[in-house]
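# Per-entry structural report
What follows is each chain in one-letter form.
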Protein chains: 2
Amino acid sequence: MLSFDITGNYTDLYEITMGEVYFLSSRKDEPACFDYSFRKNPFHGGYVLFAGLQDLLDILEDLHFTEADLAFLKSLNFKPPYLDFLKHFRFRGSVHSVREGEVIFPNCPVIHVRGTLFETQLIETLLLNIINFESLIATKASRIRYVAGDRILSDFGLRRAQGPGGILAAKAAIAGGFNSTSNVYAASLYHLPAAGTMAHSFIQSYDSELEAFRVYAGSRPDHCVFLVDTYDTIRSGVPNAIIVAREMEKAGNKAAGIRLDSGDLAWLAKASRKMLDEAGLSYIKIIASNQLDEFVIRSLLEQQAPIDVFGVGTHLVTGQPDAALDGVYKLAMFAGKPRLKLSESLQKVTLPGIKKVMRAMDVNGRFWGADAVILDEEEKAHTIFHANAPEKFISVASYRQEPLLQPVMIGGKQVSPHYALPDISAYGSQRLNCLPEDYKRFENPHTYKVGISKKLMDLRDTLRNQHRAAIE
Amino acid sequence: MLSFDITGNYTDLYEITMGEVYFLSSRKDEPACFDYSFRKNPFHGGYVLFAGLQDLLDILEDLHFTEADLAFLKSLNFKPPYLDFLKHFRFRGSVHSVREGEVIFPNCPVIHVRGTLFETQLIETLLLNIINFESLIATKASRIRYVAGDRILSDFGLRRAQGPGGILAAKAAIAGGFNSTSNVYAASLYHLPAAGTMAHSFIQSYDSELEAFRVYAGSRPDHCVFLVDTYDTIRSGVPNAIIVAREMEKAGNKAAGIRLDSGDLAWLAKASRKMLDEAGLSYIKIIASNQLDEFVIRSLLEQQAPIDVFGVGTHLVTGQPDAALDGVYKLAMFAGKPRLKLSESLQKVTLPGIKKVMRAMDVNGRFWGADAVILDEEEKAHTIFHANAPEKFISVASYRQEPLLQPVMIGGKQVSPHYALPDISAYGSQRLNCLPEDYKRFENPHTYKVGISKKLMDLRDTLRNQHRAAIE
């Protein structure tokens, strides 16, 4: 059986390589702190919906190197003492994080990991892999939910997903506001509602579409959705669905819906709705699929297409057109000293020290529009500065400030409540409701401000000047 | 441990749902044939490099429903007789396919699956999931290889990959011409060369860059690549790398390289090369990373940037900007009869019957530029027609014709040689060499012709007319 396990080797080789250097030079147990942040909102949007935390914590709690992992590392010439250390390795670090389902913004540290240098470095790749991807897909899902209102949204994407990435995508889609998935494995693993009825091949395998619908209705009268575009939606699919739905009524059953999967979905939905209503079958829902995304769904609904359920595949599960969130994980403290990276690129300069994040809230309990990154020693934020353009500053002193980072793991054990997926989804929805519309629109959304305190800026600049002085 | 297994439930719910209908109506064992093809080349390119076959065959040979799978299906109200059937299910079908590493084109059936209706339908989702994704990434990798010449290419993408999709991506990248991966898990699972040295955090954790380089060189003198952009590439990183490389020489060691990860890579590579050469360190290689893709690498090499190794991450492992290949799996025969789907969209009409594919070869053994899809009963291709525009036709009669589909699985057992990844990669490279340049260029590549025989067209049109007559 092909199986993919998140073990110690689920990482980049350089984490293991650096780990060996730390091991050999007796630095592996020195205290270190890393921050996770991302640099750019995906989809030209105004926010990211944070997801993947529960998976990350579950992984960290059990992270270890298997015998197969160690055998492979041995084949790469890692030496027995280090391999023996890896054999007994467990993650015993601590994690502070924003809550899963939080709305987050670029260049704001939203996960803070403390522990030994070895353990905090080792988990870099897997933390990024899980958080970047689940947050990308939850964000995409939330955009689709935003345009779909209270219509039903189902993930149909496994066939076009990036291999087993489709499993995390199905789950993250639910976190972002979807109702169900066609992905049975994901549904089983993560307790998601599963959905799905028939393919074109089912209909093709019968000599007539009518016969196919009848047989299906006979076998599964409770979950009967007829796929109506195999031959001709309006002249064959819908009329046959109507015939069988009426036959079902005589047996005391009700067909659930019809599915449109090609052609002009707006026109076909209207024509189908009219035919169904005229046949007295107004309870039959219309499901649409075929290369949908938030823009196509918005267009369909602007045209008043009477579609009740959207099945979204490729664009959802791969997060098209971006396909990746550019999150990074950067060293902020080591051995009690704040640490800085300068880089050749201004936006890659990091924020040193132990920090907290305060979100300014307006009098209505909505987001006012700024997150403040301050040093841990600071009580609350006052004036905050644009990290790369300090001539831009604002005061958040008069606003209520919510601290966003909370302890979720201490000494390798989870300390936060284990939020179930419906809770995460509900929290995401609630927090998105707190985000003003300006930040949620698709075209040129308002830029949410993330500023740093004077003390943090001074710390960064002092370190920068020290590094520069050392170079001169 | 979070684990993702390719089991019976790694599928869309509708496959299981249809299966129950087939089971209940005693049709599950009727013979059926499905074809895999894709509709559109990714990346606006001229071809796809076919990958994922060996994984698919390995999965099919062992495919089964686990106890956990069955328990979940029971919770969805599937009934005991069907669950009992699933419990004993094994895939016993047959597969004909083009060889892994083959160069393939849109609308050409490249995998042909025969077996019972149940088993051939069940595997639809997993076949599409594996083949679509691995082929997408192998294609992307081959484009990067095309511009990189014989320079070394390494996958650095796991942190931005779509969750565990990064494992298959690392493997498919090697199939498409990459040399190595940073992904330890993928390297272990698929026996790939692993690569990786140090991150910025390693350097930050020391009080000086020089000290960091020295410690690393002391611990790992054999694989020493210095990351030089943490503070200032030209004024700090490269000078420090030179100091440590010279110290290594005194101990009889040689540094392997420096890595540039930000800024103007062309300019920095030239400046760094000059500094290294002037220091007598011309053996030190220059490695570049940071949001690379085939276009950036082409541009760097057009500028004569002296880069020896490219580390490619996000764009490679997610197949940006497309992120998915649009492959489909369509019923072609059932119960001895050819089957057709019409659809509302012309390009979604299928090709019925059992088919073979002949590739026209020119006198130099290169691809002449056309694949012929003919019926199994036909010996070879003569005149072939555009499937949707029959007024377009050409003759391939005078060309040598290679049959592309070969049996790879019979009765659920693999019958083709188990090609190791280096063989697949070499075959892909060889076949891409047979593809004229016109089809490989990135801008408006030549359209490779895929035509159907007169007999196949007649069969399709006869079925279409029958369906239309039934609708009227």
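Just above sits the structure.
Bear in mind that the values here come from a model prediction, so they are computed numbers and not experimental data.

## Brief notes about the overall build of chain A
For chain A, the count of helices and strands is 16 helices and 22 strands. Residues classed as buried in chain A amount to 65% of the 472 residues present. The contacts of chain A with a sequence gap of at least 6 include a subset with a gap of at least 24, amounting to 73%. Accessible surface, chain A as shown: approximately 16,400 Å² in total, 52% of it carbon and sulfur. Between the averaged position of the 52 positive side-chain charges in chain A and that of its 55 negative side-chain charges there is a distance of 3 Å.

## Topic: the pattern of salt bridges
This model, assessed by the stated rule, comprises 60 salt bridges over all chains. With its nearest N and O atoms 3.3 Å apart, the salt bridge here joins B:Asp207 to A:Arg339. Here B:Asp207 is found in the loop between helix H9 (200-204) and helix H10 (209-219), whereas its partner A:Arg339 is found in the loop between strand S14 (337-338) and strand S15 (355-361) on a different chain. Residues A:Glu402 and A:Arg431 are paired through a salt bridge, measuring 2.8 Å at the closest nitrogen-oxygen approach. Here A:Glu402, found in strand S19 (residues 400-403), pairs with A:Arg431, found in helix H15 (residues 421-434); they are 29 residues apart in sequence, far enough to count as distant. Like A:Arg431, A:Glu402 is buried.

## Description of the nonpolar core
A:Phe226 and B:Phe226 are the most contacted members of the largest nonpolar core, which totals 316 residues. In this view, A:Phe226 contacts A:Met198, A:Phe213, A:Ala217, A:Ala241, A:Val244, A:Met248, A:Ala255, A:Gly257, A:Ile258 and A:Arg259; residues no more than four positions away in its chain are not counted.

## Points about unusual backbone geometry
All names here are of chain A. The residue after Gln320, namely Pro321, is reached through a cis peptide bond having omega 0°. Within the secondary structure, Pro321 sits in the loop between helix H14 (314-317) and strand S13 (328-334). At Asn444, a residue that is not glycine, the phi angle is positive and equals roughly 45°. If you trace the backbone, Asn444 turns up in the loop between H15 and strand S22 (449-453).

## Observations regarding the interface of chain A and chain B
With 119 residues of chain A in contact, the opposing surface of chain B contributes 120 residues. Together, the buried faces of chain A and chain B total about 10,100 Å²; carbon and sulfur atoms form 56% of this surface. Of all residues in chain A, A:Phe4, A:Arg159 and A:Gln162 give up the largest surface area on contact with chain B, accounting jointly for 9% of the area buried on that side. At the surface where chain A touches chain B, the tally comes to 14 salt bridges. Of the charged contacts in the structure, one is a salt bridge between B:Arg159 and A:Asp12, with a shortest N-O distance of 3.0 Å. Linking chain A with chain B are 65 residue pairs in polar contact (both at pLDDT 80 or more), by the criterion used here.

## Looking at the pairing of strand S12 (residues 309-312) of chain A
Residue and element names in this part refer to chain A. Side-chain alternation along S12 places Val309 and Gly311 on one buried face and Phe310 and Val312 on a second face that is also buried. As judged from the four bridges shared by strand S7 (residues 152-155) and S12, these two strands associate in the parallel manner. Residue pairing across strands places Asp155 opposite Val312, the latter belonging to S12. Bridging between strand S11 (residues 285-288) and S12 involves two bridges; their strand directions are parallel. Note on S12: the bridge partner recorded for Ile287 is Val309.

## Examining the sheet that holds strand S4 (residues 94-97) of chain A
Residue and element names in this part refer to chain A. Taken together, seven strands build an open sheet; the order of strands is S14-S13-S2-S6-S4-S20-S21 and the sheet is antiparallel. Every interior strand has two partners, whereas the edge strands, S14 and strand S21 (413-414), have only one. Bridging between S13 and S14 involves two bridges; their strand directions are antiparallel. Within S14, the residue paired with Met333 across the bridge is Pro338.

## Focus: the environment of A:Ala255
Residue and element names in this part refer to chain A. By the secondary structure assignment, Ala255 is in the loop between helix H11 (233-250) and strand S10 (257-260). Among the residues examined, Ala255 registers a relative accessible area of 3% and is labelled buried. For the pair Ala255 and Leu57, spaced 198 residues apart in sequence, the C-alpha separation works out to 43 Å. Excluding residues that lie within four positions of it along the chain, Ala255 makes contacts with Cys224, Phe226, Ala245, Met248, Tyr283 and Ile284.

## With respect to the packing of aromatic side chains
For the coordinates displayed, the defined rule picks out 40 aromatic pairs over all chains. When the ring of A:Phe78 is compared with that of A:Tyr82, the centres are 5.8 Å apart and the planes differ by 50°; the resulting orientation is tilted. One exposure class covers both A:Phe78 and A:Tyr82, and it is buried. With a centroid separation of 4.7 Å and an interplanar angle of 35°, the aromatic rings of B:Phe213 and B:Phe226 are classed as tilted. Of this pair, B:Phe213 sits in helix H10 while B:Phe226 sits in strand S9 (residues 225-227), and the two are 13 residues apart along the sequence. For the pair B:Phe213 and B:Phe226, one class covers both residues: buried. One aromatic cluster in this structure is built from A:Phe23, A:Phe65, A:Phe78, A:Tyr82, A:Phe85, A:Phe89 and A:Phe118.

## Topic: the side chain of B:Gln54
Residues and elements named next belong to chain B. Among the secondary structure elements, Gln54 is positioned in helix H2 (residues 53-62). On the accessibility criterion, Gln54 (9% relative accessible area) is buried. Not counting residues within four places of it along the chain, the set of residues in contact with Gln54 comprises Glu100, Gln414, Pro417, His418 and Tyr419.

## Focus: the relation of the copies chain A and chain B
Each copy superposes on the other: chain A lies on chain B with an RMSD of 0.0 Å after a rotation of 180° and an axial shift of 0.0 Å. Such a turn and shift between the copies fits a two-fold axis. Taken as a fraction of all interface residues of chain A, those also at the interface in chain B reach 100%, which identifies the copy contact as same-surface.

## What about the sheet that holds strand S10 (residues 257-260) of chain B?
Residue and element names in this part refer to chain B. One open sheet holds the six strands; their spatial order is S8-S7-S12-S11-S10-S9, and the pairing between them is parallel. Looking along the sheet, the strands with just one partner apiece sit at the ends: strand S8 (180-181) and S9. Here strand S7 (residues 152-155) pairs with S8 via two bridges, running parallel. In the strand pairing of S8, Ser154 is matched with Ser180.

## Some thoughts on the packing of helix H3 (residues 67-75) of chain A against helix H4 (residues 80-87) of chain A
Helix packing geometry: the angle between the two helix axes and the distance between the axes. All names here are of chain A. Close contact between H3 and H4 brings their axes to 10 Å; oriented N to C, the two are set at 160°. Compared by their axis directions, H3 and H4 come out roughly antiparallel. Note on packing geometry: the crossing formed by H3 with H4 is right-handed. The segment H3 lies against H4, with Glu67, Leu70, Leu73 and Lys74 engaging Leu83, Leu86 and Lys87. Of the residues assigned to the contact of H3 with H4, the class counts are four nonpolar, no polar and three charged.

## Some remarks on the packing of helix H6 (residues 124-148) of chain B against helix H7 (residues 165-175) of chain B
Residue and element names in this part refer to chain B. Direction vectors running N to C along H6 and H7 enclose 50°, while the axes themselves pass 8 Å from each other. Regarding the angle of H6 to H7, the classification is oblique. Crossing geometry of H6 relative to H7 is assigned as right-handed. From H6, Ile130, Phe133, Glu134, Ile137, Ala138 and Ala141 reach across to H7, where they touch Gly165, Leu168, Ala169, Lys171, Ala172 and Ala173. Of the residues contributing to the contact of H6 with H7, the split by class is nine nonpolar, one polar and two charged.

## Digging into the side chain of B:Gln414
Residue and element names in this part refer to chain B. Mapped onto the elements of the fold, Gln414 is located in strand S21 (residues 413-414). Here the side chain of Gln414 touches Asp58 through a polar contact of 2.8 Å, side chain to side chain. Residues contacting Gln414, with those up to four places away along its chain left out, are Gln54, Leu57, Asp58, Glu61, Val408 and Met409.

So, how was this worked out
Residues numbered from 1 in each chain as written. Chains lettered and ligands numbered in written order. Predicted model: local features only at pLDDT ≥ 70, side-chain atom pairs only at ≥ 80, totals over all residues. Heavy atoms only, no water. Helix = DSSP H or I, 4+ residues; strand = E, 2+ residues; numbered from the N terminus. Buried < 20%, exposed > 50% of the residue type's maximum accessible area, 1.4 Å probe, protein only. Contact = heavy atoms within 4.5 Å. Areas by Shrake-Rupley, 256 points an atom, 1.4 Å probe, with all protein chains shown as cover. Lys, Arg positive; Asp, Glu negative; His and termini not counted. Charge placed at Lys NZ, Arg CZ, Asp CG, Glu CD. Salt bridge = Lys/Arg side-chain N within 4 Å of Asp/Glu carboxyl O. Core = buried A, V, L, I, M, F, W, Y, C linked by side-chain atoms within 4.5 Å. Buried area = accessible area lost by both parts, 1.4 Å probe. Polar contact = N/O pair within 3.5 Å; in protein donor to acceptor, adjacent residues only side chain to side chain. Pairing = 2+ DSSP bridges. Phe/Tyr/Trp six-rings, centres within 6.5 Å; stacked < 30°, edge-to-face > 60°. Least-squares fit on C-alpha atoms with pLDDT ≥ 70 in both. Axes fitted to C-alpha atoms, helices over the stretch in contact; angles between N-to-C directions. Parallel < 35°, antiparallel > 145°, perpendicular 65-115°, else oblique. Left-handed = near helix turned anticlockwise from the far one by under 90°. Nonpolar A, V, L, I, M, F, W, Y, C, P; charged D, E, K, R; others polar.

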